[in-house]
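Residues per chain, in single letters:
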There are 2 protein chains.
Amino acid sequence: MFRTLSLSAFSPRIFTRAMSTAPLPMPQLPRTDEGKRICQIVKVKPERLDEYKKVHAEVWPEVLGALRKAHVVDYSIHYFAPHNLLIAHMRYIGSDFQKDMDGIKENEATRKWWQLTDGMQESFVPGATGSESGPGWWVDAEEVFRLEG
Amino acid sequence: MFRTLSLSAFSPRIFTRAMSTAPLPMPQLPRTDEGKRICQIVKVKPERLDEYKKVHAEVWPEVLGALRKAHVVDYSIHYFAPHNLLIAHMRYIGSDFQKDMDGIKENEATRKWWQLTDGMQESFVPGATGSESGPGWWVDAEEVFRLEG
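Values in this document were obtained by computation on a predicted structure and should not be read as measured data.

Caption draft 1: Molecular detail of the overall build of chain A. Counting its secondary structure elements, chain A contains 5 helices and 6 strands. Walking chain A from its N terminus toward its C terminus, one meets helices and strands in the order α-β-α-α-β-β-α-α-β-β-β. Partitioning the intrachain contacts of chain A with sequence separation of at least 6 by distance along the chain shows that 66% fall at a separation of at least 24.

Caption draft 2: Local environment of the pairing of strand β3 (residues 85-92) of chain B. Residues and elements named next belong to chain B. Taking burial as the measure, the 8 residues of β3 include 8 buried ones, the bulk of the element. Judged from the 8 bridges that link them, strand β1 (residues 36-44) and β3 form a sheet pairing that is antiparallel. By the bridge assignment for β3, I38 is matched with M90. With 7 bridges joining them, strand β2 (residues 72-80) and β3 adopt antiparallel strand pairing. Across the sheet, Y79 pairs through a bridge with L86, a residue of β3. Between β2 and β3, which pair antiparallel one after the other, the connecting turn spans 4 residues, and N84 there sits at a positive phi close to 50°.

Caption draft 3: Examining the side chain of R37 of chain B more closely. For R37 of chain B, the position within the fold is in strand β1. Residues in contact with R37 of chain B, not counting those within four places in the same chain, are D74, Y75, S76 and H78 of chain A together with H89, M90, R91, E143, R146, L147 and E148 of chain B.

Caption draft 4: Structural view of the layout of surface pockets. All names here are of chain A. Reported here for the largest pocket is a volume of approximately 920 Å³. Taken together, 42 residues form the lining of the largest pocket, with Q40, M90, M101, W114 and W138 sitting closest to its centre. Among the secondary structure elements, those contributing two or more residues to the lining of the largest pocket are β1 (36-44), α2 (49-56), α3 (61-69), β2 (72-80), α4 (97-105), α5 (108-118) and β6 (142-147). No other element matches α4, which puts 6 residues into the lining of the largest pocket.

Caption draft 5: Quick peek at the pattern of salt bridges. Summed over the entire model, instances satisfying the criterion amount to 14 salt bridges over all chains. Salt-bridge contacts for R91 of chain A lead to D74 of chain A; the nearest nitrogen and oxygen are separated by 2.6 Å. Pair noted here: R91 of chain A is in strand β3 (residues 85-92) and D74 of chain A is in strand β2, with a separation of 17 residues, a long-range link. Under the relative-accessibility criterion, R91 of chain A is labelled buried at 0%. As a salt-bridge pair, E132 of chain B and R111 of chain B come within 3.7 Å of each other at their nearest N and O atoms. Of this pair, E132 of chain B sits in the loop between β4 (121-122) and β5 (139-140) while R111 of chain B sits in helix α5 (residues 108-118); the two residues are 21 residues apart in sequence, bridging distant segments of the chain. In the salt-bridge network here, residues are joined through shared partners; they are R37, D74 and R91 of chain A together with R37, D74 and R91 of chain B.

Caption draft 6: Representation of the state of the cysteines within the structure. Within the structure shown, the criterion is met by 0 disulfides over all chains. Free cysteine: C39 of chain A, not disulfide-bonded; nearest cysteine sulfur from C39 of chain B at 7.0 Å. Assessed through its relative accessible area of 2%, C39 of chain A is described here as buried.

Caption draft 7: Structural detail: the packing of helix α3 (residues 61-69) of chain B against α5 of chain B. Residue and element names in this part refer to chain B. Between α3 and α5, the least distance of the axes is 8 Å, while the angle of their chain directions is 115°. Classified by the interaxial angle, the pair formed by α3 and α5 is roughly perpendicular. When you trace α3 past α5, the crossing you get is left-handed. In contact with E62, V63 and A66 of α3, α5 contributes A109, T110 and W113.

Caption draft 8: A look at the environment of D50 of chain A. Residues and elements named next belong to chain A. Its place among the elements puts D50 in helix α2. Overall, D50 belongs to the partly exposed group, its relative accessible area being 44%. Each C-alpha atom, one on D50 and one on M120, is 9.9 Å from the other, the two residues being 70 residues apart in sequence.

Caption draft 9: Summary view of α5 of chain A. A109, T110, W113, W114, T117 and D118 of chain A are the residues of α5 of chain A that are buried. Viewed end-on, α5 of chain A has its buried residues packed into an arc of 155°, placing them on one side of the element.

Rules behind the numbers
- Residues numbered from 1 in each chain as written.
- Chains lettered and ligands numbered in written order.
- Predicted model: local features only at pLDDT ≥ 70, side-chain atom pairs only at ≥ 80, totals over all residues.
- Heavy atoms only, no water.
- Helix = DSSP H or I, 4+ residues; strand = E, 2+ residues; numbered from the N terminus.
- Contact = heavy atoms within 4.5 Å.
- Buried < 20%, exposed > 50% of the residue type's maximum accessible area, 1.4 Å probe, protein only.
- Pairing = 2+ DSSP bridges.
- 1 Å grid on protein atoms, 1.4 Å probe; cavity = no way out; pocket = protein on both sides within 12 Å on 5 of 7 lines; lining within 4 Å.
- Points joined across faces, edges and corners; volume = space filled by probe spheres on them.
- Salt bridge = Lys/Arg side-chain N within 4 Å of Asp/Glu carboxyl O.
- Disulfide = S-S within 2.5 Å.
- Axes fitted to C-alpha atoms, helices over the stretch in contact; angles between N-to-C directions.
- Parallel < 35°, antiparallel > 145°, perpendicular 65-115°, else oblique.
- Left-handed = near helix turned anticlockwise from the far one by under 90°.
- Arc of directions from axis to C-beta.

So this is what it looks like as structure tokens:
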């Protein structure tokens, strides 16, 4: 049903039916991505939103360092007001995801950070207890399209 | 209240209060991002989701070419089932955003693509009529955190 495709895998079949058979422009731009993309969602408690923004304006450097050490790059969080959502988007450029995630949990500052920020959030994960343990806290959103590079 | 920060702007102030004054690890990883990040949301009609996934498994190459020509890179769309959301995340690496977006609208294949996909979606933008004209179709989600590079 759903495939994640690299550009080279895109077929002109649908297009040629709909449009023409002329050569297709595909300008080459500097390649700026690599790795696996991850999109995760959690709900922010509306009454804690300002506080959430405030602490994220000065994230503890140890927390950022733990992310980098775990090969997480290009990490952003967006807020979607109509559903009080926090949407995290990151790329993982390492080779052992579980090991790297376990490494993050070993970082004391990160565990304290989670205690701080989990309290501002509600999880969509059934039975979730927090970011440090349990079945998860942020929930993955399914990738349905990717344009790489 | 809210600032978008580069790594160099992160202050250790909060951290040092909470944790320690030891040197902070910040492993250098290959820099893989540049440009402005954009996160946009639209609702997918549940009964059209399978069709939406299917056409996105074979996006018309002209549409991808128009995006690249407009300096849009690293573009993914994720689906979040609990609210029937499509979450687009991209980076813009050009220097004239409005000009590049106008350029996309001049691409005939893209206009036909929007006619196809708009019908599978509902917009959060008040008064929205479609991707081609009007006050917008996808709505921007506010950036509240960024870890670059």
